[in-house]
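Structure at a glance
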Amino acid sequence: MVRGNHGIRVRMHISFLIHNAYGIGGTIRTTCNLARTLADHHDVEIVSVFRHRDEPVFDPGPDVNLRHLVDIREDRPSFEGQDPEHRLPAAVFPRAEGRYRQYSRLTDSRIAEHLRSTEADVLVGTRPGLNVHIARQARRGPVQVGQEHLTLDSHSPHLREVLRGLYPRLHALTTVTEADADAYRNTLRLPGVRIEAVPNGVPAPTVPPSDGSGKWVVAAGRLARVKRYDLLIRAFGQVVAARPDWRLRIYGGGAEKDRLRALIERLDLYNHVFLMGPANPIEAEWAKGSIAAVTSSLESFGMTIVEAMRCGLPVVATDCPHGPGEIIDNGVDGRLVPPGSAKAVAAALLELINNDPLRLRMGRAALRDSARFDPARVAGRYHSLFHELAARSGPGSRSSRLRGSLHRARGAVLGRAYVARETGRAKLRGVGAA
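Starting afresh in each chain, residues are numbered from 1 along the sequence in its written order. Thresholds applied to this predicted model are a pLDDT of at least 70 for local features of residues and 80 or more for the giving and counting of side-chain atom pairs; totals over whole chains, interfaces and linings are not thresholded and use all residues. Side-chain metrics rest on all non-hydrogen atoms present in the structure, leaving aside hydrogens and water.

Once that is clear, we can look at helix 1 (residues 26-38). Helix and strand definitions follow DSSP, with helices as H or I runs of at least four residues and strands as E runs of at least two, each counted in order from the N terminus. A helix's residues, less one, multiplied by 1.5 Å, set its expected span. The first and last C-alpha atoms of helix 1 sit 18 Å apart over 13 residues, in line with the 18 Å expected at 1.5 Å per residue. Only protein chains enter the accessibility calculation, which uses a 1.4 Å probe. A residue is then buried if its area is under 20% of the maximum for its type, exposed if over 50%, and partly exposed in between. Buried within helix 1 are the following residues: Ile28, Thr30, Thr31, Cys32, Asn33, Leu34, Ala35, Thr37 and Leu38.

Before going further, it helps to examine the packing of helix 4 (residues 157-166) against helix 5 (residues 178-188). Under this scheme, a helix contributes an axis fitted over its contacting stretch, all axes are lines through C-alpha atoms, and angles between N-to-C directions fall in the 0 to 180 degree range. For the pair helix 4 and helix 5, interaxial distance at closest approach is 12 Å and the crossing angle is 80 degrees. When the interaxial angle is binned, helix 4 and helix 5 end up roughly perpendicular. Contact residues: helix 4 offers Arg160, Leu163 and Arg164, while helix 5 offers Tyr184, Thr187 and Leu188. Our angle categories are set so that under 35 degrees counts as roughly parallel, over 145 as roughly antiparallel, 65 to 115 as roughly perpendicular, and the remainder as oblique. We call two residues contacting when some pair of their heavy atoms lies within 4.5 Å.

Moving on, we get to the sheet that holds strand 15 (residues 334-337). Here, strands pair whenever DSSP counts at least two bridges between them. The strand order across the open sheet formed by six strands is 12-11-10-13-14-15, and the pairing between neighbours is parallel. Each edge of the open sheet is held by one strand with a lone partner, namely strand 12 (273-277) and strand 15. The average undirected angle you get between the axes of adjacent strands in this sheet is 20 degrees. As judged from the three bridges shared by strand 13 (residues 291-294) and strand 14 (residues 315-318), these two strands associate in the parallel manner. Residue pairing for strand 14: Val294 is matched across the bridge by Ala317. Packing against the sheet, helix 9 (residues 303-310) makes contact with strand 10 (216-220), strand 13 and strand 14, and its axis sits at approximately 165 degrees to strand 14.

In this section: the sheet that holds strand 3 (residues 13-18). Spatially, the seven strands line up as an open sheet ordered 5-4-3-6-7-8-9, and their pairing is parallel. Each of the sheet's edge strands pairs with one partner strand only, and the pair in question is strand 5 (64-71) and strand 9 (194-197). In this sheet, adjacent strand axes meet at a mean angle of 20 degrees when their direction is disregarded. Of the pairings in the sheet, the one linking strand 3 to strand 4 (residues 43-51) comprises six bridges and is parallel in character. Counted as the bridge partner of Ile14 is Val44 from strand 4. On top of the sheet, helix 5 reaches strand 7 (143-148), strand 8 (172-175) and strand 9; it is set at about 160 degrees to strand 9, its chief contact.

Here you go:
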């Protein structure tokens, strides 16, 4: 750790605690994006509670130290899935958390050992259960930050009560939307905890953006009921009736695959709607399309919306809680439509299909507007937040409001300088960060 003028920490050791960094999911992807960017100026590690495969799907980069606490690779001598302690229910990880059954007395002790022994300056949890571990087991000294990648509304009343009792031990909580930050401020009310909305970062694609000429609508994400691909397929049936020259590709895997395939067959759309399976990386598939569609009933953020926009696609999305309305500028870089209405989705798609100049103009706007989600900008906000929290939690820092305001101002300056440096580096690398 290096301190600059005025005692402000310039280089920090930042440790992310994540459920399973070797899997596939939005939290894993955005954590890797953030860690990779922060690692240009800090010592960064990702500590994965579980490891179920040899190599991660999402590469955190060569400068990020990735390690695990419990090995569940069945073909390895280090396999710990049958450890007697792993068969006993967890006592720290909250029972009301969705991943509770995967945790155990073994994970309790491994996480506790990590949190007691770490020399990190900043500890970042990436889901409620792990935030609870940090609140209960972390040693005094590090800045403690909890991240919310879902929403407060998605948690059960029991889990909310657990969080209400333990989250005040954290220094800060970040959400991915302003709406969810307001929910935490107004509903959970965590005294002394700084609550900030910081969106997920999505890097600039390595492929050229869409030219808007392909007659493809593209959607991507796990095939789950909340994504309402059934609604999109029904809407596209109306699109095909007017414009049979257009087609829809849906990328992703999940439990709804068979039901969606049956719906496609029943509506005679098998020549127009295609379930493509998972694709990683997805950027090249977005770029083949001209319009993106998101018809979810709930989006805690909307990573696929930003991904599509970064590839130059206007997005037609349902205006569901919480993310789409904070990402899409309706009528400028996409269209927001009422949730649950296949007719409204079809009308918005046909508007862009039938108006080439509008579609191309919105695509250019999407490419421009989505630059605000570049990882350099997101990392700059975290950079400032971590420095400000470190200043506030340091010895004697609470004795003067003036000193705290000066630290916040300096942290903001550092954050802006960080973004400027990263943007310059990105341009030199030719990746188009803005």
